[in-house]
Amino acid sequence: MPAATREERIEFRERNPKWKLPALRIEMAECINCDTCIRHCPDQFGAIFNHGIDVIIIPELCSGCGKCVPVCPVDCIYEDPIPASTPEDWWTEPLSPEDPYV
Ligand code: SF4
Ligand code: SF4
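Residues numbered from 1 in each chain as written. Chains lettered and ligands numbered in written order. Predicted model: local features only at pLDDT ≥ 70, side-chain atom pairs only at ≥ 80, totals over all residues. Heavy atoms only, no water.

Here's the deal with the layout of surface pockets
Put simply, the rule reads: Think of a 1 Å grid over the protein atoms and nothing else: a 1.4 Å probe that fits but is trapped marks a cavity, an open set flanked by protein within 12 Å on at least five of seven lines marks a pocket, and residues with an atom within 4 Å of a point count as lining. Grid points are joined across faces, edges and corners, and a volume is the space filled by probe spheres set on the points. Put simply, DSSP H or I for four residues or longer makes a helix, DSSP E for two residues or longer makes a strand, and each gets a number counted from the N terminus. Residues are grouped as follows: Ala, Val, Leu, Ile, Met, Phe, Trp, Tyr, Cys and Pro are nonpolar; Asp, Glu, Lys and Arg are charged; all remaining types, including Gly, are polar.
Estimated volume of the largest pocket: approximately 180 Å³. Looking at the largest pocket, it is lined by 15 residues, and the ones nearest its centre are Arg 25, Ile 57, Pro 59, Asp 80 and Trp 90. Residue assignment for the lining of the largest pocket shows that the elements contributing at least two residues are β1 (23-26) and β3 (54-57). Of the residues assigned to the lining of the largest pocket, the class counts are 11 nonpolar, two polar and two charged.

What follows is the structure, encoded as structure tokens:
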């Protein structure tokens, strides 16, 4: 079954088709880069990364579980029902030496 595990979602670059909730996104203009959300994203999803000066959510890895939302001090994490295509360079983060979830 494709995309059932985080490794498969990274390999195939697709969400688990069973996920019903929309992915979330970080409004970069509002984010203060405190990194709190990164630590609250469950390891089995592992969707939030430091990427250069930005903190990003890769929508293909985000289940929409919402655990990152209440911990954000500036409330800048929003639903992303129709995510824009994920920038190619964001995919350098999952499974890299800086991946916080491995
Ligand atoms: S909604 Fe859940 S899976 Fe998505 S980024 Fe937040 S904590 Fe991670
Ligand atoms: S918790 Fe909010 S302010 Fe902090 S890095 Fe995440 S999105 Fe940005």
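That was the structure; now back to the text.
What about the site of ligand 2?
Heads up, the rule is: By convention in these notes, a residue is near a molecule or strand provided one of its non-hydrogen atoms lies within 4 Å of it.
Near ligand 2 you find 13 residues, and of these Cys 31, Cys 34, Asp 35, Cys 37 and Cys 72 are the closest. Taken together, the residues that form the shell around ligand 2 break down as 11 nonpolar, one polar and one charged.

A closer look at the site of ligand 1
Neighbouring ligand 1 are 13 residues, the closest being Cys 41, Cys 62, Cys 65, Gly 66 and Cys 68. Among the residues forming the shell around ligand 1, the class breakdown is nine nonpolar, three polar and one charged.

Focus on the nonpolar core
Threshold: Take the buried Ala, Val, Leu, Ile, Met, Phe, Trp, Tyr and Cys residues and link them wherever side-chain atoms come within 4.5 Å; each set so joined is a nonpolar core. Whether a residue is buried, partly exposed or exposed follows from its accessible area with a 1.4 Å probe, protein chains only, as a fraction of its type maximum: under 20%, in between, or over 50%, in that order. By definition, residues are in contact when any of their heavy atoms lie within 4.5 Å.
The biggest cluster of nonpolar side chains holds 26 residues, and the ones touching the most others in it are Ile 26, Cys 37, Ile 48, Ile 57 and Ile 77. Elements represented by at least two residues in this core include exactly β1, α2 (36-40), β2 (48-51) and β3. Filtering out sequence-adjacent residues up to four positions away, Cys 37 remains in contact with Ile 26, Ile 48, Val 55, Cys 68, Val 71 and Ile 77.

Overview of the environment of Gly 64
Structurally, Gly 64 is set in the loop between β3 and β4 (77-80). Among the residues examined, Gly 64 registers a relative accessible area of 12% and is labelled buried. Distance from Gly 64 to Ala 23, taken between C-alpha atoms, is 4.7 Å for residues 41 residues apart in sequence. The residues contacting Gly 64, other than those within four sequence positions of it, are Arg 15, Leu 21 and Pro 22.

Purely spatial values, then, with no claim about function.
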